[in-house]
Every structure is written in C-alpha cells, then in structure tokens.
Amino acid sequence: MNILIQKFGGTSMATEKTRKNVADKIIEAKKIYDNVVVVVSAIGRLGAPYATDSLLHLVNYKNTKLSSKEIDLLMSVGEIISSLVLTNTLLESGIDACTLTGGGAGIITDDNYNNADVININTEPLMKLLNEGKIPVVAGFQGVTIGNDVTTLGRGGSDTTASLLGEALNASAIEIYTDVDGIMTADPRICKSAKIIDEISYNEVFQMAGSGAKVIHPRAVEVARRAGIPLIIKNTFNNSRGTSIKRHIGVERKKTIEDKLITSIAHKTNITQVSIKGDIDDENFFTDLARENVSIDIINIFPERKVFTIDDVCKEKVIRLIEKYEAPYTFIDDCCKVTVIGEKITGVPGVMAKIIRCLSKSSVEILQTADSLSTIACLIKEKDLVIAAEALHKEFMLG
Ligand code: ADP
Ligand code: ASP
Ligand code: MG
C-alpha cells in the first residue's frame, strides 16, 4: 500500500477558512494514495491563543519557573488542540479521521526535554487506523519518553514528526504545506526578489535550514535523506507545484546551478555576540556553557580573547557564568547571521572578497565571519539585514 504524509504548518491551521483548504488538500491526496497520514502544527503564530509562542508567553518563558519537562507539557498542548480541531473539520466534511498525540502515534524519545531525539516509533497504532480506512491526524512536534512523560522535538519540529513517520511507515512521499510556494533563493519576507526553486538536493536544503531558513527543519531533511523519501514543500493556499527535495536533481536544474556558485541566502536573527577578554580557563568555561545547555556559534578563540555568538534568550545565563570566571566581557546585541550557500564554493578563491566588497558597498558592517565547505556566514547588525540580503542576492545573481 502506498502512503503519503502531509504536514500542515501553523498558518495553514490558522482559521476555519484555511482549515477548509487543508481538508481539500487531504481529499485530493486520498484520490491518489491508498493512505494519508496528516501531521499538524499548533494553530497560528504569536498572538493566536494556542500558538506555541503564545503558550510560552503565558509563563514568561525567558524567566519561567517551570522546568523544561513542564514547558514541554505546556507546548505539546498547542499541537494537540490543533489536531483535534482539524479532525473535527474532516469529520464535518464526511472524512473518517481521528486524532493521535505524538505518544499515541507511538513516538518514543529520549528525555532531552525541549529538544528530544526520537529513539523508536511503534507503528502499530497508526497501521491499525490505516487498515480501518481512517485518516490519522497526528499532533506534531512531540513524543513521550519510555516513562511516558511528554517531550518536544525542538522548535519547528512538526516537520521532523512528518519525516520520521514517513520513514517508519515507508511512505512514498512527504508533503510539507506552508504559506509560501516552496523553497526560495532567500526568505521572501526579507528579500523581495527571492525566486522559487523547483528542485533542490537534500544537502543544499539541509545547509539552508541549518543556517536559519525556517521553511523546513534541518532534522526533517536529514531523516528524509536517510530514508530516501522525496520531500515536497508546497503552498496550502494555491496549486503551485512547490519544491521537490530529492537525492538527484534533474538535468535542467543541474545546468542552472552549475552556472551559479551561490544558490541561496539564509538568515538567522536574535543573536548576541559575546567577547571575553583575558586568559580564562577555556576548557572549564566551555564545558560549563554546554552543561547550561547554551549552544554557541561562530566561535573564534585567541589566547587573550574569545568571541562567539549565542541566541539572545541565553544572555542572562551566559552573564551569570562569565561573572563566575571574573573576566571582562562585552556583548553586541541585536545581531543576525546572513549565510550564502553554494555546494560548489569549496576551494574557489574570491567568494569572501566578493561578499566583503558587496556588503561594504552597502555600508553593512561585518562583525564576524565563519565558513564551511559550502557556506560563508557573516554576523551583522539586525538593522542591516534587509539591505545585506538584497545586496548579496543581487551580487550573486539569484533574482
Ligand atoms: P509553518 O508554520 O508552515 O511551519 P514556517 O514559518 O515554519 O511555517 O516556515 C515558513 C516560512 O519560512 C515562510 O513564511 C518564510 O518566511 C520562511 N522562509 C525562510 N527562508 C525561506 C526560503 N528560503 N524559502 C521559503 N521560505 C522561507
Ligand atoms: N509549534 C511548534 C513551533 O512553533 C512546532 C512547529 O510549528 O513545527 O515550534
Ligand atoms: Mg515550520
């Protein structure tokens, strides 16, 4: 039997009208596939009563007294409400649907609350429902530990749920429905000239997602790649073809990307740059950061200075830690990271020079840089983000 996984994001679930669009996509899919499994995110974005950020606001998240285990229980509710509401819409449309929580769908995780890893999926409950001809609507972004405590899979993790269920059920394809026409050369919210990409490799999109392109979660890409299942990003609100993510991209796309060194630009906001002066005990300091669950990025270590970036939500924790080491420090707030991505930049001279020339022509100050085999990232002030993204997009002829 062939199975399709369809995942619908928060904006797709936002109103009764948009949920009708969702129901239409499910009805269309059921005409083609023997079975459809639906995964949903919490309803709407910040401000909507049951959106994940709204739930976190209720408990003053940055300084909450709740444990990370309790925060997971709170966040999981958003997806549970959403799946029940969609099941109701489907039943009203005469579709035999039923709701499952992540745990109910057999998703077992470790106990790394807020960012748990899935260790096993028991497909029995889902297979039983599919064999009864039902459409299961699974609450995304969550699982349970072996001890039955609720966990979540990291922000944006409903995409991961979709890929993991696709892998476990050996699905034919995984469709991720959202509010844009597919994967674009940059985030269309900040780069008006961004263009849709019809086909893209797992690796390229993994780099984009890992560099902050929120359109898909990097773990979802990794799992789909591991399972060799095509991932398709589509718009809930129209019938555009979307972006296919697969192992081997077609000849046409290959020709176009072969002309191009850089194929997309991603960005990540809410970053703080930390500089610590003086000769502190590096080993203990960085171990302490890890113990506090602070993830660091763009790291430069010199004998007399350490410079790295953190998510700004971790700032208070980091201040407390640095003060323990009695070292002088400075922070630069309101930063963001702009990353240019291209699988073919490895060893090509002049890419960094081009980026520096382009940003300096646009009067954008570069605070720090980092590079990998297929990415070059620049830390800049958040106020310069739009101008930097547009300038780089134009410089590398992505429009
Ligand atoms: P959902 O709630 O459907 O999961 P997300 O907000 O997580 O939606 O992801 C969709 C958003 O990703 C888009 O609205 C868009 O602003 C953003 N985005 C970032 N980078 C890209 C990109 N390269 N292509 C398309 N969308 C992108
Ligand atoms: N609702 C969760 C979040 O906002 C998971 C998701 O949307 O994928 O992070
Ligand atoms: Mg998302």
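Structural data are supplied above this passage.
Anyway, here's the lowdown on the structure attached to this text. The model shown is predicted, which means the values in this text are computed figures rather than measured ones. (Residues numbered from 1 in each chain as written. Chains lettered and ligands numbered in written order. Predicted model: local features only at pLDDT ≥ 70, side-chain atom pairs only at ≥ 80, totals over all residues. Heavy atoms only, no water.)

1. A look at the nonpolar core
1) Next: Membership of the largest hydrophobic core comes to 39 residues, with the highest contact counts inside it found for Ile5, Val37, Leu165, Ile183 and Ile216.
2) Next: Leaving out residues up to four positions away in the same chain, Ile216 has contacts with Asp159, Ile176, Ile183, Val205, Ala209, Val221, Leu231 and Ile233.
3) Next: Ile345, Val351, Ala389 and Leu392 belong to the second-largest nonpolar core, a separate cluster that totals 26 residues. (Core = buried A, V, L, I, M, F, W, Y, C linked by side-chain atoms within 4.5 Å. Buried < 20%, exposed > 50% of the residue type's maximum accessible area, 1.4 Å probe, protein only. Contact = heavy atoms within 4.5 Å.)

2. Some remarks on helix α5 (residues 158-168)
1) Next: Along α5, 9 of the 11 residues are buried, which leaves the element largely enclosed by surrounding structure.
2) Next: Listing the buried residues of α5 in full gives Ser158, Asp159, Thr160, Thr161, Ala162, Ser163, Leu164, Leu165 and Gly166.
3) Next: Backbone geometry just downstream of α5 places Asn170 in the positive-phi region, at approximately 55°. (Helix = DSSP H or I, 4+ residues; strand = E, 2+ residues; numbered from the N terminus.)

3. A look at the pattern of salt bridges
Any two side chains of opposite charge can pair if their charged atoms end up close together.
1) Next: By the definition in use, this model includes 18 salt bridges.
2) Next: Ionic pairing is found between Lys31 and Glu28, a salt bridge with its closest N-O pair at 3.0 Å. Linking Lys31 with Glu28, this pair stays in helix α1 (residues 16-32), spanning 3 residues, or about one helical turn.
3) Next: In this structure Glu28 comes out as partly exposed when scored by relative accessible area, which is 44%.
4) Next: If you follow the salt bridges from partner to partner, you end up with Arg45, Asp179 and Arg189 in one network. (Salt bridge = Lys/Arg side-chain N within 4 Å of Asp/Glu carboxyl O.)

4. Topic: the site of ligand 1
1) Next: Looking at ligand 1, there are 19 residues lining it, with Arg45, Thr178, Asp179, Asp187 and Arg189 nearest.
2) Next: Gly10 has a polar backbone atom sitting 3.0 Å from an oxygen atom of ligand 1.
3) Next: Measuring from an oxygen atom of ligand 1, one finds a side-chain N or O atom of Arg45 at 2.5 Å.
4) Next: In isolation ligand 1 exposes 580 Å². Once the protein is present, 92% of that is buried.
5) Next: When its residues are assigned to classes, the shell around ligand 1 shows 9 nonpolar, 4 polar and 6 charged. (Near = heavy atom within 4 Å. Polar contact = N/O pair within 3.5 Å; in protein donor to acceptor, adjacent residues only side chain to side chain. Areas by Shrake-Rupley, 256 points an atom, 1.4 Å probe, with all protein chains shown as cover. Nonpolar A, V, L, I, M, F, W, Y, C, P; charged D, E, K, R; others polar.)

5. Structural notes on the sheet that holds strand β11 (residues 231-235)
Strand pairing in a sheet takes place through backbone hydrogen bonds and is either antiparallel or parallel in direction.
1) Next: Spatial ordering of the open sheet is given by β3-β6-β2-β1-β9-β11-β12-β10, a layout of 8 strands whose pairing is mixed. On the outer flanks of this sheet lie β3 (97-100) and β10 (199-201), each paired with one strand and no other. Averaged over all adjacent pairs, the angle separating strand axes in this sheet is 20°, with direction ignored.
2) Next: Here strand β2 (residues 35-40) runs beside strand β6 (residues 135-139); their pairing, made up of 3 bridges, is parallel. Each residue of the ladder has a partner; that of Val38, found in β6, is Val137.
3) Next: Docked against the sheet, helix α6 (residues 202-210) engages β10 and β12 (243-246), running at close to 80° with respect to β10. (Pairing = 2+ DSSP bridges. Axes fitted to C-alpha atoms, helices over the stretch in contact; angles between N-to-C directions.)

6. As for the sheet that holds strand β15 (residues 305-311)
1) Next: What the 6 strands build is an open sheet, ordered β14-β15-β13-β16-β18-β17; its pairing is antiparallel. The open sheet has two edge strands, β14 (296-302) and β17 (368-371), and neither has a second partner. For this sheet, the mean angle separating the axes of adjacent strands, direction not counted, is 25°.
2) Next: Relative to strand β18 (residues 375-381), strand β16 (residues 329-341) runs antiparallel, the two sharing 7 bridges. Bridging across to β18, Ile341 finds its partner in Thr375.
3) Next: The strands touched by helix α10 (residues 315-325) are β13 (264-277), β15 and β16; relative to β16, the strand with the most contacts, the crossing angle is about 125°.
4) Next: In the packing of helix α11 (residues 351-361) onto the sheet, the strands contacted are β16, β17 and β18, and the crossing angle to β18 comes to about 25°.

7. With respect to the environment of Ile299
1) Next: Among the secondary structure elements, Ile299 is positioned in strand β14.
2) Next: Residue class for Ile299 comes out partly exposed when judged on its relative accessible area of 44%.
3) Next: Taking the C-alpha atoms as reference points, Ile299 and Asp149, separated by 150 residues in sequence, lie 35 Å from one another.
4) Next: Among all residues touching Ile299, those that are not within four sequence positions of it are Val307, Phe308 and Gln368.

Read these as layout, nothing more, since geometry by itself doesn't imply function.
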